[in-house]
Amino acid sequence: MSINSKNSNYRAQFSEIAKSKGYRITKASRAENEHNIDLKLEGQVNGKSTTVSVDIKKKNGKHSNSWVYIEYVNSKGKDGWLYGWAEFVVFETGNSFIFVSRKALLKLLNTSSIVRWDLPFVDQAWKSKYRLFRRHGTLEKITQIEISHLLSLASTIVWKKL
């Protein structure tokens, strides 16, 4: 299976679940995609028509049910997806998709001291739990936080996989 088919597989699975819940899926425009919007969901919420934009994050291996990566700065030194245009960031886990308000996540990270900005960068991604990591030759700043932090946010919604 190619990388592209693996990448599209989680998006296809997400789209299938969204359709089963009565949402219509719209692809993001090129400009929206450049600002970290993958898809838009159109549907009814509390009897009102609504459209929300989502940025879907693929599960990250064997710890996907416990930890997620957060991107502050991308590899080119520009704002990471945390500062993108998407209203929701959707994290894939082994058995679900977790919707988190991007603004609520940003507020949590900015008002808590869970990420250790006072310590030097770590040299390997697996060491980035609450620490900053940068791959060699890039300008990125990423960290990992426990999924429990996402689930503690009032606006979080969990969709079980089909």
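Residues numbered from 1 in each chain as written. Predicted model: local features only at pLDDT ≥ 70, side-chain atom pairs only at ≥ 80, totals over all residues. Heavy atoms only, no water.

## What to know about the overall build of the protein chain
To be explicit about the condition: Each helix is a run of DSSP H or I of at least 4 residues and each strand a run of E of at least 2, with the numbering of both proceeding from the N terminus. Exposure categories follow from relative accessible area, calculated using a 1.4 Å probe and restricted to protein chains: below 20% of the type maximum is buried, above 50% is exposed, and the middle band is partly exposed. Contacts are assigned to residue pairs with any non-hydrogen atoms lying within 4.5 Å of each other. We get accessible surface area from the Shrake-Rupley algorithm with a probe of 1.4 Å; when it comes to residues, only the shown protein chains can shield them.
The number of helices and strands found in the protein chain is four helices and eight strands. With the C-alpha coordinates of the protein chain rotated into their principal frame, the extents come out at 50 × 35 × 30 Å. Buried positions account for 41% of the 162 residues belonging to the protein chain. Within the protein chain, contacts between residues at least 6 apart in sequence are counted, and of these 54% link residues at least 24 apart. Roughly 9,500 Å² of accessible area belongs to the protein chain as shown, and the carbon and sulfur atoms make up 50% of that amount.

## Quick notes on the environment of Gly22
Residue position: Gly22 is located in the loop between helix H1 (3-20) and strand E1 (24-27). For Gly22, a relative accessible area of 58% puts it in the exposed group. Put simply, Gly22 and Ile145 are 123 residues apart on the chain and 31 Å apart in space, counted from C-alpha to C-alpha.

## A few points about the sheet that holds strand E8 (residues 157-160)
Defined as follows: One bridge is not enough; two strands pair if DSSP finds at least two bridges between them. Axis definition: a line fitted to C-alpha atoms, over the contacting stretch in the case of helices. Angles run 0 to 180 degrees between N-to-C directions.
Pairing is mixed in the open sheet, where six strands are placed in the order E1-E2-E3-E5-E6-E8. The two strands at the open ends of the sheet, each matched to only one other strand, are E1 and E8. Direction aside, the axes of adjacent strands within the sheet are offset by 30° on average.

## What to know about the packing of aromatic side chains
In this description, an aromatic ring pair is defined by two values, namely the gap between the centres and the angle between the planes. Applied cut-off: Put simply, two rings from Phe, Tyr or Trp (the six-membered ring, in Trp's case) pair if the centres are within 6.5 Å, and we call them stacked under 30 degrees between planes, edge-to-face over 60, tilted for the rest.
All chains considered together, the criterion is met by nine aromatic pairs. With a centroid separation of 5.8 Å and an interplanar angle of 35°, the aromatic rings of Tyr23 and Trp159 are classed as tilted. With a gap of 136 residues between them, Tyr23 in the loop between H1 and E1 and Trp159 in strand E8 connect regions that are remote in the sequence. Ring geometry for Trp81 against Phe91: centres 5.8 Å apart, planes inclined by 70°, an arrangement best described as edge-to-face. One end of the pair, Trp81, is in the loop between strand E4 (67-73) and strand E5 (88-92); the other, Phe91, is in strand E5, and ten residues separate them in sequence.

## Some thoughts on helix H3 (residues 102-111)
This is how the line gets drawn: This arc describes the spread of directions from the helix axis toward the C-beta atoms.
Along H3, the residues classified as buried are Arg102, Leu105, Leu106, Leu108 and Leu109. Buried residues of H3, viewed axially, fall in a sector of 160°; they line one side. Along H3, the residues that are exposed and aim more than 90 degrees away from the buried face are Lys103, Lys107, Asn110 and Thr111. As for H3, its buried residues are in contact with E4, E5, strand E6 (96-101), strand E7 (141-146) and helix H4 (147-151).

## Focus: the pattern of salt bridges
Stated formally: Salt bridges, as used here, are contacts in which a Lys or Arg side-chain nitrogen is within 4 Å of a carboxyl oxygen on Asp or Glu.
Tallied over the entire structure, the rule returns eight salt bridges. The closest approach of N and O atoms between Lys40 and Glu32, which form a salt bridge, is 3.3 Å. Owing to a relative accessible area of 17%, Glu32 belongs among the buried residues under this scheme.

## A word on the confidence of the model for the protein chain
Quick note on the threshold: By definition, pLDDT measures how confident the predictor is in each residue, and it falls between 0 and 100.
This prediction gives the protein chain a mean pLDDT of 92; 95% of its residues lie at or above 70. Between residues 1-6, whose pLDDT stays under 50, and residues either more than four places distant or in other chains, the model counts one contact.

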